[in-house]
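Coordinate analysis (summary)
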Amino acid sequence: MLYRRDAVQKILEKRENSAVVTGIGNASHDVASAGDHPLNMYLFGVMGGAVMTAFGIALAQPERRVVVITGDGEVLAGVGSLATVGVERPSNLSIIVLDNQVYGATGGQLTHTAAGVDLVGIARASGIRNSVLIQDQRDLEHAIPEVYETPGPYLAVVKVASQLAPRVDVPKDGTFTARRFRSAINQPIKDNG
């Protein structure tokens with residue numbers, strides 16, 4: 001079984017100039033635990049909005065990879081966004097769903113994935129052909145290059161343990177975060193090669 005913080009840390013090690021949009025709650029803390037970054041857009045209070053926020057950024061910044069890191073409950077709340085992504089097919093968008101099968105931020109109530117709802121199947125049926133299930137470290141290692149290099153849209157559901165991790169300080173001033181992100185994303189992309 002994978003642990004969410006470890007998985008997010010591994011994924012973000014290769015981020016380079018990618019913009020990262022988080023879902024609400026634990027996903028924000030998971031991303032912040034890997035290190036705060038000006039190209040992190042932390043969302044709070046927008047249940048179901050992470051994929052569509054990242055979708056808009058991907059359309060506005062077609063030369064930059066945009067990665068969403070969110071949870072199963074947040075994606076289920078905005079499941080229609082997968083259809084929009086599947087129809088519009090932004091080639092620079094990757095969606096990472098940390099599926100612990102619970103609403104961890106509100107007390108551990110089971111999500112629909114615990115009852116068998118298949119987010120990879122929904123994504124594929126929505127037109128996101130590059131959709132994969134990650135269940136162990138080997139799957140994760142194989143998928144990380146795909147997150148950044150495979151023409152999108154790309155979606156990976158990462159099955160993680162239902163284990164709470166300590167909260168990490170995340171900038172909670174929305175104005176500060178938005179302005180910092182806007183300034184960083186409008187900078188030229190550095191060539192790391």
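Heads up: the structure comes first, above all this text.
For the structure given in this document, a descriptive report is provided here. Everything numeric in this text was worked out from a predicted model, so none of it was measured. (Residues numbered from 1 in each chain as written. Predicted model: local features only at pLDDT ≥ 70, side-chain atom pairs only at ≥ 80, totals over all residues. Heavy atoms only, no water.)

**A closer look at the overall build of the chain**
- If you tally the helices and strands in the chain, you get 8 helices and 8 strands.
- For a compact globule of 193 residues, the expected C-alpha radius of gyration is about 16 Å, and the chain comes in at 15 Å, within 12% of that figure.
- Projected onto its principal axes, the C-alpha coordinates of the chain cover approximately 45 × 35 × 30 Å.
- The proportion of buried residues among the 193 residues of the chain is 52%.
- Counting only carbon and sulfur atoms, one obtains 52% of the accessible surface of the chain, whose full area is about 9000 Å².
- Taking the average place of the 18 positive charges on the side chains of the chain and the average place of its 19 negative ones, the gap between the two points comes to 4 Å. (Helix = DSSP H or I, 4+ residues; strand = E, 2+ residues; numbered from the N terminus. Rg over C-alpha atoms; globule rule 2.2 N^0.38 Å. Buried < 20%, exposed > 50% of the residue type's maximum accessible area, 1.4 Å probe, protein only. Areas by Shrake-Rupley, 256 points an atom, 1.4 Å probe, with all protein chains shown as cover. Lys, Arg positive; Asp, Glu negative; His and termini not counted. Charge placed at Lys NZ, Arg CZ, Asp CG, Glu CD.)

**A look at helix α3 (residues 50-60)**
- The complete set of buried residues in α3 reads A50, V51, A54, F55, I57 and A58. For α3, the arc enclosing every buried residue in end-on projection is 165 degrees, short of the 170-degree limit, so these residues lie on one face.
- Packing partners of the buried residues in α3 comprise β1 (19-22), β3 (66-71), α4 (72-77), α5 (80-88), β4 (93-99) and α8 (174-185). (Arc of directions from axis to C-beta. Contact = heavy atoms within 4.5 Å.)

**Observations regarding the side chain of S131**
- Along the chain, S131 turns up in strand β7 (residues 130-134).
- Here I128 takes part through its backbone oxygen, which lies 2.6 Å from a polar atom of the side chain of S131.
- With sequence-adjacent residues up to four places away left out, S131 is seen in contact with V120, A123, R124 and L155. (Polar contact = N/O pair within 3.5 Å; in protein donor to acceptor, adjacent residues only side chain to side chain.)

**Remarks on the packing of helix α1 (residues 4-12) against helix α7 (residues 137-149)**
- The geometry of α1 relative to α7 is characterised by a closest axis approach of 9 Å and an angle of 40 degrees between their N-to-C directions. Seen along the crossing, α1 lies across α7 with a hand that is right-handed. Residue-level inspection shows A7, K10, I11 and L12 of α1 in contact with α7, the latter providing Q137, L140, E141, I144 and Y148.
- The residue makeup of the contact of α1 with α7, split by class, is 6 nonpolar, 1 polar and 2 charged. (Axes fitted to C-alpha atoms, helices over the stretch in contact; angles between N-to-C directions. Left-handed = near helix turned anticlockwise from the far one by under 90°. Nonpolar A, V, L, I, M, F, W, Y, C, P; charged D, E, K, R; others polar.)

**Looking at the nonpolar core**
- Within the largest apolar cluster, 29 residues are counted, with the highest numbers of intra-cluster contacts made by V66, L93, I95 and L155.
- Sorting elements by how many residues they give to this core places α3 first, with 6 residues.
- Other than its neighbours up to four places away in sequence, V66 contacts A19, V21, A54, I57, A58, N92, L93 and S94. (Core = buried A, V, L, I, M, F, W, Y, C linked by side-chain atoms within 4.5 Å.)

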